[in-house]
Amino acid sequence: LQAMSGSEQDWLALRPQEPSPSQCCGSGCKPCIYDVYEKELAQWERAKAMQDKSLLVGKKEQGNNSELNPDTFTAFSVSSVEQLTEDTYQYKFELPGNSSLRLSLGQHIVLRGVVNGLEVQRAYTPISPGNAEGYFEVLIKCYEAGLMSQYIKTWKRGDVVFWRGPFGGFPYRPNKHGELLMLASGTGLAPMIPILQSITDDEEDETFVTLVGCFPTFDRIYLKPLLQDLARYWNIRIFYVLSQETSLEKLPRSYQENTYTGRLNEDLMKTIINSCRRRPFVLICGSSTFNEDMSRYLKAAGIEENSCFVF
């Protein structure tokens, strides 16, 4: 067997590495990390065939110009960490100058973390308005055994983390739908917040919104002050469904009349839809089980699939 020439070894060292399954966040990003790999591999093969390394110069692993980019990761620094419930945190990131992420509604961004030498990627939806200047905020639930959670829990002010994006989103247009029915479980609230804020910020937008937030207990409802503010608008109603509360008596009076105990089931779904002022267009965000259950209940209530959007 002939020993590999030095230049062969050089080329092999430059060959892009295929991503491992843990690096794909599974959110259907375009481009996905695998698309980026295919593109870089093709570029490498072309450069190798022509024996011209300058063709690889375009490959940049991380950007540092603080512009969010779907293809490469950009560094952002953590400016504050706020614990909202026992397992959920709100993280604020700095944007240089008064720049803005310029996200469209409900778009998500992908975080990269390295845990015990394994690279992991997960998608999160910022809850700050898409045009917020100088910062963006993300709501994250940390799981006891979650790989990414172990990394996120170490964050403190001044730490630098890497994001790419944006991806996805809901093509919202003011007044396109008479009423939006938002069904959110836990951190599934995240993509709903920027849409709600864009409606309340626009005096011309007269869309009615019914938000149904599903949480285990009253203490674990996120962003209560913000939700209470939004519920003061004439066209916004907010209901809470608390699966582990048994009675409403312990809740503050202002929450009692718009809170249900138990689970959001088919009967409750019908009640809520019947109370909507117009036939709603439905936005759903939660775990895959939650999303499937909601789709089933909606169908039973006569809401067609083309009147739903799942984040």
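Residues numbered from 1 in each chain as written. Predicted model: local features only at pLDDT ≥ 70, side-chain atom pairs only at ≥ 80, totals over all residues. Heavy atoms only, no water.

A. Region of interest: the nonpolar core. Counting 33 residues, the largest nonpolar core has L180, M182, L189, I195 and L211 as its most contacted members. For this core, the secondary structure elements donating two or more residues are β8 (179-185), α4 (192-201), β9 (208-215), α5 (224-230), β10 (236-242) and β12 (280-285). The biggest single contributor to this core is α4, with five residues. Two domains each donate at least three residues to this core, and these are domain 1 (74-167) and domain 2 (179-305). (Core = buried A, V, L, I, M, F, W, Y, C linked by side-chain atoms within 4.5 Å. Buried < 20%, exposed > 50% of the residue type's maximum accessible area, 1.4 Å probe, protein only. Helix = DSSP H or I, 4+ residues; strand = E, 2+ residues; numbered from the N terminus. Domains from an automatic or database assignment.)

B. Inspection of the domain arrangement of the chain at higher detail. Taken domain by domain, the chain holds domain 1 (74-167) and domain 2 (179-305). For domain 1 and domain 2, the distance between their C-alpha centres works out to 24 Å. Between domain 1 and domain 2, the residue contacts involve 16 residues of the former and twelve residues of the latter. Buried surface at the junction of domain 1 and domain 2, both sides included, amounts to about 1,200 Å², of which 69% is carbon and sulfur. Contact with domain 2 buries surface across domain 1, with L105, I127 and L139 losing the most and accounting together for 39% of the total. In this structure, the connection of domain 1 to domain 2 is made through two salt bridges. R220 is the salt-bridge partner of D87, the closest N and O atoms lying 3.4 Å from each other. Counting the contacts that link domain 1 with domain 2 gives two residue pairs in polar contact (both at pLDDT 80 or more). Elements with a minimum of two residues in the side of domain 1 that touches domain 2: β3 (88-94) and β6 (135-141). Ranked by residue count, the leading element in the side of domain 1 that touches domain 2 is β6, at three residues. By residue class, the composition of the side of domain 1 that touches domain 2 is seven nonpolar, six polar and three charged. (Contact = heavy atoms within 4.5 Å. Buried area = accessible area lost by both parts, 1.4 Å probe. Salt bridge = Lys/Arg side-chain N within 4 Å of Asp/Glu carboxyl O. Polar contact = N/O pair within 3.5 Å; in protein donor to acceptor, adjacent residues only side chain to side chain. Nonpolar A, V, L, I, M, F, W, Y, C, P; charged D, E, K, R; others polar.)

C. Structural detail: the pairing of β3. The element β3 is largely enclosed, with a buried count of five among its seven residues. Counted along the chain from strand β2 (residues 73-83) to the antiparallel partner β3, the turn is four residues long. Sheet topology places β3 next to β6; seven bridges connect them, and they run antiparallel. Paired with K92 across the two strands is E137, which belongs to β6. (Pairing = 2+ DSSP bridges.)

D. Structural context of unusual backbone geometry. Note the cis peptide between G165 and P166, where omega equals 0°. Mapped onto the elements of the fold, P166 is located in strand β7 (residues 160-168). Residues other than glycine seldom take positive phi values, yet N116 does so here, at roughly 50°. Looking at the element boundaries, N116 is found in the loop between β4 (107-115) and β5 (118-124). One non-glycine residue, N175, lies in positive phi territory at about 65°. Among the secondary structure elements, N175 is positioned in the loop between β7 and β8.

E. Up close: the sheet that holds β8. If you trace the six strands from one edge of the open sheet to the other, you get β11-β10-β9-β8-β12-β13, paired in parallel fashion. Whereas interior strands pair on both sides, the edge strands pair on one side only; in this sheet they are β11 (259-261) and β13 (308-310). Taking each pair of neighbouring strands and ignoring which way they run, the sheet shows an average axis angle of 15°. By the bridge criterion, seven bridges tie β9 to β10 in an arrangement that is parallel. In the strand pairing of β10, V209 is matched with I236. The strands touched by α4 within the sheet are β8, β9, β10 and β12, with β8 carrying the most contacts at an inclination of about 150°. The strands touched by helix α8 (residues 288-300) are β8, β9, β12 and β13; relative to β12, the strand with the most contacts, the crossing angle is about 160°. (Axes fitted to C-alpha atoms, helices over the stretch in contact; angles between N-to-C directions.)

F. Structural view of the pattern of salt bridges. Enumeration according to the criterion identifies nine salt bridges in this entry. Among the ionic pairs, E86 bridges to R220, the shortest N-O distance being 3.7 Å. Taken together, the residues E86 in the loop between β2 and β3 and R220 in the loop between β9 and α5 connect sequence positions 134 residues apart. Here the salt bridges share partners, and the residues they tie into one network are E86, D87, K141 and R220.

G. Main features of the packing of aromatic side chains. Inspection of every chain in the model, using the stated rule, returns 19 aromatic pairs. Between F170 and Y172, the ring centres sit 6.3 Å apart and the planes meet at 40°, which makes this aromatic pair tilted. Three or more aromatic residues link up through ring pairs in this structure, and these residues are F76, Y89, Y91, F93, Y124, F136, Y151, W155 and W163. Just above the ring of F73 sits the side chain of R112; from NZ or CZ to the centre is 4.5 Å. Residue placement shows R112 over the ring face of F162; its charged tip is 5.6 Å from the ring centre. (Phe/Tyr/Trp six-rings, centres within 6.5 Å; stacked < 30°, edge-to-face > 60°. Lys NZ or Arg CZ within 6 Å of the ring centre and 35° of its normal.)

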